[in-house]
Amino acid sequence: MLKTAARRRFVLLALAAATGSAAAQKPAPAPAPKAAAAASAQNWPTKPVRIIVGFPAGSTPDLVARTIAEPLSRELGQPVLVENKVGAGGNIAADQIARATDDHTIGVMINGNMTIAKLLNPAVPYDPLKAFQPISLIGTAPLVLAAPATANFDNAQEFFLAARNGGAKWSYGSPGVGTVGHIGMELLKTKTNMDPVHVPYPGNPQVIQALITNQIQLALLPPGLAGPQVKAGKLKAVGVTSSARSPLVSEYPSLAEQGILGFQLEIWTAAAAPKSMPKPIVDKLSTLVSRIARSPEVRGKLFQQGWQTAGTTAEGLANRIRQDTAILGGVIMMRGITAQ
């Protein structure tokens, strides 16, 4: 009987040992997907981060990207490199950003590339509303409605009366079909009943020269470009396209305060990530970029470049994308604008 009891104890101990050994060899359960993603974001980045810009060195988006690159590098502990991929009005770069899968590539883009690119040209290989994850709206700016220095008017109402009387004899310039300067003017035409003819140019410098030499009668220009020309007496400012006076060009009245109601237009620049980038990493970037943009150092630099700092959350940028797509897309469809 004692032998039987001892045998039973031995069997139980052997079973316990075997169970313990099996448990020891069994792999630990994998962390939950959210926990793994959060851990990945904490360790990110593991190599240099690329910011792709679709315009040449010295352009406005390029300056914005380089302004945030240095403080972002300090925050991340990795180099942040700006790469210029020029062509097709920024769409070549936007497509490269959309296709990136390395989790270390983001873009600094203008509003056209993130809103209406495919509405203007169905052949564009990416869909702005599906290809990107918003990071932060960095800076915004109204446009200045500019005229030649010889134009005879004292306020916006007088100017638009002359424009209506001029009809198709008047013309306006823009940096090309589908740009904000073009679509914005088409929207302004619906608000003022004027009908100047569109003349596209390679860029805003050529538009400004055409205004100075009276080849065209009006244009919507970024404040950083229009302001110096107005101060030099080479152009006249009719008004700005913000709802009220802009701190960027506070000396010029808005078109709204001069009676052109229901018209507000801004250009903007923003940071976005490809759809493939894990959301916790995008969230981390959103927090950092928005904080950097609103810092006194960067805010001052952006102001000098002609931007009013926004520094929004990812959701704030997403809302702006939806809003501008609806407004500008409506003009594109109403006017039948294509950029093919």
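Calculation criteria
Residues numbered from 1 in each chain as written. Predicted model: local features only at pLDDT ≥ 70, side-chain atom pairs only at ≥ 80, totals over all residues. Heavy atoms only, no water. Pairing = 2+ DSSP bridges. Helix = DSSP H or I, 4+ residues; strand = E, 2+ residues; numbered from the N terminus. Buried < 20%, exposed > 50% of the residue type's maximum accessible area, 1.4 Å probe, protein only. Contact = heavy atoms within 4.5 Å. Salt bridge = Lys/Arg side-chain N within 4 Å of Asp/Glu carboxyl O.

### Let's talk about the sheet that holds strand E1 (residues 49-53)
Then, number 1: Spatially, E2-E1-E3-E10-E4-E11 is the arrangement adopted by the six strands of the open sheet, whose pairing is mixed. On the outer flanks of this sheet lie strand E2 (80-84) and strand E11 (308-309), each paired with one strand and no other.
Then, number 2: For strand E4 (residues 132-142) and E11, the ladder comprises two bridges, and the chain directions are antiparallel. By the bridge assignment, Gly-139 is partnered in E11 with Thr-309.

### Brief notes about the environment of Ala-141
Then, number 1: By the secondary structure assignment, Ala-141 is in strand E4.
Then, number 2: Among the residues examined, Ala-141 registers a relative accessible area of 1% and is labelled buried.
Then, number 3: Once the C-alpha coordinates of Ala-141 and Ala-310 are considered, the two residues, 169 residues apart in sequence, prove to be 9.9 Å apart.
Then, number 4: Residue contacts for Ala-141: discarding those within four places in its chain leaves Pro-223, Leu-248, Glu-266, Ile-267, Gly-306 and Trp-307.

### A few points about the pattern of salt bridges
Two side chains of opposite charge can pair, provided their charged atoms sit close to one another.
Then, number 1: Inspection of the entire model under this criterion finds 16 salt bridges.
Then, number 2: One salt bridge connects Arg-50 with Glu-83, and the closest N-O pair in it is separated by 3.2 Å. Within this pair, whereas Arg-50 is found in strand E1, its partner Glu-83 is found in strand E2, the two being separated by 33 residues in sequence.
Then, number 3: A single salt-bridge network, built from bridges that share partners, covers Glu-70, Arg-74, Glu-297 and Lys-301.

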